[in-house]
Amino acid sequence: MEKTTLLKEINFALKIENNLSIGFLEQTMDTKTLEFRVEEFIDYLMYEKRSEIKKYLSQFSYSDKIFHKKVKELSEGQKMQLKISLLLCKEIKVLLLDEPTNFLDLQTVSKLLNALEEY
């Protein structure tokens, strides 16, 4: 295979149209929100979608006790579940997920796949 052919296969362009909303799932949390309790964190970022976010989190087996913990006290898997739930509640057209299954057990990965299919 020629070098130029390989480069053509690797390079791609994303045409962004007006009003195209893109959501990005990062692997890290913003350090300034780590001191928030989970409930405060949700209210701070998306108060109007609070019940919808809690619905997603309940699918990830979040208990009522977790909402009173500080974000920094959550496991890495729980933090990822929280970020995924917030992202799925946004009105976006394109999801960019940076290794969303890191820190997740197989049961949670299955639930994530179901949530993405519903999305």
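Preceding block: the structure.
Residues numbered from 1 in each chain as written. Predicted model: local features only at pLDDT ≥ 70, side-chain atom pairs only at ≥ 80, totals over all residues. Heavy atoms only, no water.

### Let's talk about the side chain of glutamine 78
Looking at where glutamine 78 falls in the secondary structure, it is placed in helix H4 (residues 76-88). From its side chain, glutamine 78 meets the backbone nitrogen of serine 75 in a polar contact 2.9 Å long. Those residues in contact with glutamine 78 that sit more than four places away from it in its chain are Tyr62 and Ile66. (Helix = DSSP H or I, 4+ residues; strand = E, 2+ residues; numbered from the N terminus. Polar contact = N/O pair within 3.5 Å; in protein donor to acceptor, adjacent residues only side chain to side chain. Contact = heavy atoms within 4.5 Å.)

### Here we look at the packing of helix H2 (residues 38-46) against helix H3 (residues 50-59)
Where H2 contacts H3, the two axes come as close as 10 Å, and the packing angle between them is 130 degrees. Taken together, the axes of H2 and H3 are oblique relative to one another. For H2 against H3, the interelement crossing comes out right-handed. Contact residues: H2 offers Glu39, Ile42, Asp43 and Met46, while H3 offers Arg50, Ile53, Lys54 and Leu57. Looking at the contact of H2 with H3 residue by residue, the classes come out as 4 nonpolar, no polar and 4 charged. (Axes fitted to C-alpha atoms, helices over the stretch in contact; angles between N-to-C directions. Parallel < 35°, antiparallel > 145°, perpendicular 65-115°, else oblique. Left-handed = near helix turned anticlockwise from the far one by under 90°. Nonpolar A, V, L, I, M, F, W, Y, C, P; charged D, E, K, R; others polar.)

### Focus: the packing of aromatic side chains
Within the structure shown, the criterion is met by 2 aromatic pairs. With 5.0 Å between their ring centres and 80 degrees between their planes, phenylalanine 36 and tyrosine 44 make a pair best called edge-to-face. A relative accessible area of 22% places phenylalanine 36 in the partly exposed class. The ring of phenylalanine 67 is capped by lysine 54, whose NZ or CZ atom sits 4.8 Å from the centre of that ring. Sitting above the plane of the tyrosine 56 ring, lysine 55 keeps its charged end 5.3 Å from the centroid. (Phe/Tyr/Trp six-rings, centres within 6.5 Å; stacked < 30°, edge-to-face > 60°. Buried < 20%, exposed > 50% of the residue type's maximum accessible area, 1.4 Å probe, protein only. Lys NZ or Arg CZ within 6 Å of the ring centre and 35° of its normal.)

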